[in-house]
Amino acid sequence: MEKINIRKIVVAILALTGLILSVKLAMIYYDANFNKYALPSFCSINDFIDCDGVAKTTESQFFGIPLAYWGIFLYSFIFLLLGANRLKKIKLLKFLEVFKNPLSYIGALGLISFTISITLLCISLFGIKKLCVLCAITYCINLLIGLAAVAFGNGGFIKAFKDSFADFFDAVKHKCYLIAFIVVALLAGCGLYYTTTSLIFAPQVKQQRDFGEFVNAKDNKYAVDGNVLGEPLAKVIVYTYTDFNCPICEAYNIMIHKAAKELTNVKFIHKNLPLDTECNPFLKAPFHEGSCRMARYAIAAEKQGRFWAINSKFFELHPNSDEEIIKIAEKLGLDTEKLYKDANSPEVKAQLAKEIDQAYSQGIDATPSTKIGNELYVGMKPYSQFLKLLEDAGASKRY
């Protein structure tokens with residue numbers, strides 16, 4: 001009896017430590033993903049040891065629930081098991097009598113949670129390439145809980161698992177406990193379905209999904225052909241500033257095309273902002289070389305009423321020479337002789353220079369940038385947020 005009490009005390013101390021750390025991790029997770037005014041946490045030291053950075057990744061949740069919350073549940077459940085023999089005397093907690101070997105359950109849970117923890121640690125070190133120190137401590141606590149709970153002189157972990165399974169199957173032989181288990185399982189399943197689909201606790205996952213369609217797309221399935229993207233007489237005018245060699249701009253281009261398909265009363269007007277020293281006098285060093293060439297050809301294609309067609313092809317194929325551009329134009333059915341002549345004309349070069357000057361005069365020096373009314377947004381926003389900005393400006397969804 002003495003040894004059992006000591007084991008319970010050790011497990012209780014470890015579980016309390018794990019619970020405190022999990023609560024702290026939950027606070028860090030909340031600040032990292034929901035509190036834009038939060039200061040960096042004490043355990044965000046550099047690019048590698050970065051609790052905040054880990055909390056912002058999609059791997060910091062499971063079924064839409066932060067891992068810290070799972071930790072709180074685990075350690076709270078361990079406390080419940082530790083007190084099962086006493087708590088089962090309370091009428092509402094009589095169900096705890098099914099846990100005949102609570103330390104066996106705790107030992108099995110400790111080993112299972114440690115195994116999961118090792119997987120998470122590998123993801124953290126080799127996938128995310130960041131380490132959450134507090135998380136690593138809880139991983140060690142999980143192992144220590146398992147080691148402290150089992151009796152190694154009496155079967156160790158093998159007996160712990162056997163006892164746990166035996167207790168479970170003995171419990172579900174009783175009709176009332178079987179029904180209760182099924183109800184709890186269904187409620188848990190419904191809860192996990194809700195958190196997984198709504199992502200109410202995991203905005204970083206929702207954001208990745210918002211970007212995923214556009215970042216992972218092989219081509220622009222929403223592409224239009226002419227010079228107008230959206231409705232010609234729309235009241236909401238959106239100016240987009242992009243560079244054909246900007247990786248994010250490629251995904252952004254697909255996003256605005258999709259928005260034009262789904263919304264009414266909005267029109268997108270493209271403005272060239274190549275970050276290429278060939279035509280951009282505001283740059284001090286070479287950057288997106290070849291962007292100026294594509295921008296000139298895009299303006300030339302507009303003269304043939306095919307701007308958006310060649311625009312999407314440039315993002316998709318990234319041509320590196322006049323010859324490659326001409327091949328693209330031939331497949332699109334453009335007049336290639338006129339296209340080449342216009343692209344290299346003083347008129348087109350002057351128009352490109354004017355677009356660049358106008359962008360910088362408005363403080364726009366990065367791509368992609370979006371101007372809706374008087375509001376300027378730099379970068380690519382999640383699609384749901386982007387739609388909301390357009391709807392707030394006066395656009396509406398198609399029905």
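Residues numbered from 1 in each chain as written. Predicted model: local features only at pLDDT ≥ 70, side-chain atom pairs only at ≥ 80, totals over all residues. Heavy atoms only, no water.

Visitor: Can you walk me through the state of the cysteines in this structure?
Guide: One covalent bond between the sulfur atoms of two cysteine residues makes up a disulfide. For the coordinates displayed, the defined rule picks out two disulfides. A sulfur-sulfur separation of 2.4 Å characterises the disulfide bridge that pairs C43 with C51. With the S-S dihedral at roughly -140 degrees, the linkage between C43 and C51 falls on the left-handed side. The same class applies to C43 as to C51, namely buried. Linked covalently through their sulfurs, C279 and C292 form a disulfide whose S-S length is 1.9 Å. (Disulfide = S-S within 2.5 Å. Buried < 20%, exposed > 50% of the residue type's maximum accessible area, 1.4 Å probe, protein only.)

Visitor: Can you walk me through the pattern of salt bridges in this structure?
Guide: Any two side chains of opposite charge can pair, on the condition that their charged atoms come close. Tallied over the entire structure, the rule returns 15 salt bridges. Where D225 meets R306, a salt bridge forms, and the shortest distance between an N and an O atom there is 2.6 Å. One end of the pair, D225, is in the loop between α9 (203-215) and β3 (229-230); the other, R306, is in the loop between α11 (291-302) and α12 (307-317), and 81 residues separate them in sequence. You can call D225 partly exposed: its relative accessible area is 40%. Residues D392 and K388 are paired through a salt bridge, measuring 3.0 Å at the closest nitrogen-oxygen approach. Of this pair, D392 and K388 both sit in helix α16 (residues 383-393), four residues apart, which is roughly one turn of that helix. We note that D392, like K388, is exposed. Three or more residues are tied together by salt bridges with common partners; here these are K100, D170 and K173. (Salt bridge = Lys/Arg side-chain N within 4 Å of Asp/Glu carboxyl O. Helix = DSSP H or I, 4+ residues; strand = E, 2+ residues; numbered from the N terminus.)

Visitor: Hey, could you run me through the nonpolar core in this one?
Guide: The nonpolar side chains of soluble globular proteins are, as a tendency, buried together. V266, F268, F314, L339 and L390 are the most contacted members of the largest nonpolar core, which has 45 residues in total. Considering each element in turn, this core owes the most residues, eight residues, to helix α10 (residues 247-262). (Core = buried A, V, L, I, M, F, W, Y, C linked by side-chain atoms within 4.5 Å.)

Visitor: For this particular structure, what's the right way to read the sheet that holds β3?
Guide: Across a sheet, strands are paired by hydrogen bonds formed along the backbone, either parallel or antiparallel in direction. Strands sit in the order β3-β6-β4-β7-β8 across an open sheet of five strands; the sheet is mixed. Lying at the two open borders of the sheet, with one neighbouring strand each, are β3 and β8 (375-378). Against the sheet, α16 engages β4 (236-242), β6 (266-272), β7 (369-372) and β8, with an angle of about 20 degrees to β7. (Pairing = 2+ DSSP bridges. Contact = heavy atoms within 4.5 Å. Axes fitted to C-alpha atoms, helices over the stretch in contact; angles between N-to-C directions.)

Visitor: For this particular structure, what's the right way to read a nonpolar patch on the surface?
Guide: Residues F165, F168, F169, L178, F181, I182 and L186 make up a contiguous nonpolar surface patch of about 670 Å² in total accessible area. Those elements that place two or more of their residues in the nonpolar patch are α7 (156-172) and α8 (175-198). Per-element accounting of the nonpolar patch gives the leading share, four residues, to α8. Along the chain, L178 turns up in helix α8. (Patch = residues over 30% accessible without salt bridge, like charges linked within 9 Å, V, L, I, M, F, W, Y side chains within 5 Å. Areas by Shrake-Rupley, 256 points an atom, 1.4 Å probe, with all protein chains shown as cover.)

Visitor: Looking at this model, I keep getting lost on the pairing of β8. Mind explaining?
Guide: Within a regular strand, side chains alternate between the sheet's two faces. With four bridges connecting them, β7 and β8 associate as antiparallel partners. Paired with K371 across the strands is L376, a residue of β8. Linkage of β7 to β8, two consecutive antiparallel strands, is achieved through a turn of two residues, within which G373 is found at a positive phi near 65 degrees.

Visitor: How should helix α13 (residues 322-332) be read in this particular structure?
Guide: Along α13, the residues that are buried comprise I325, I326, I328, A329 and L332. The arc enclosing the buried residues of α13, seen along the axis, measures out at 160 degrees, which places them on a common side. Facing away from the buried side of α13, by more than 90 degrees, are the exposed residues E323, K327, E330 and K331. If you follow the buried residues of α13, they end up packed against α11, α12 and α14 (336-343). (Arc of directions from axis to C-beta.)

Visitor: Sorry, what's going on with the packing of aromatic side chains here?
Guide: Given two aromatic rings, their pairing is described by the distance between the two centres and the angle made by the two planes. Counting across every chain of the model gives 18 aromatic pairs. For the pair F168 and F181, a centre-to-centre distance of 5.1 Å together with 75 degrees between the ring planes defines the contact as edge-to-face. Of the two residues, F168 sits in helix α7 while F181 sits in helix α8, which places them 13 residues apart along the sequence. An aromatic cluster of three or more residues is present, and its members are F73, F77, F99 and Y105. (Phe/Tyr/Trp six-rings, centres within 6.5 Å; stacked < 30°, edge-to-face > 60°.)

Visitor: What exactly am I supposed to notice about the environment of I13 here?
Guide: With respect to the helices, strands and loops of the structure, I13 is situated in helix α1 (residues 2-34). We classify I13 as exposed; its relative accessible area is 52%. Along the sequence, I13 and I145 sit 132 residues apart, while their C-alpha atoms lie 9.3 Å from each other.

Visitor: Even after reading the chapter, I still don't get helix α6 (residues 133-149), so can you show me in this structure?
Guide: In an α-helix, one full turn covers 3.6 residues, which means residues spaced three or four apart are oriented alike. The end-to-end C-alpha distance of α6 is 25 Å, a good match for the 24 Å that 17 residues give at a rise of 1.5 Å each. Listing the buried residues of α6 in full gives L134, C135, T138, Y139, I141, N142, I145, G146, A148 and A149. (Expected span 1.5 Å × (residues − 1).)

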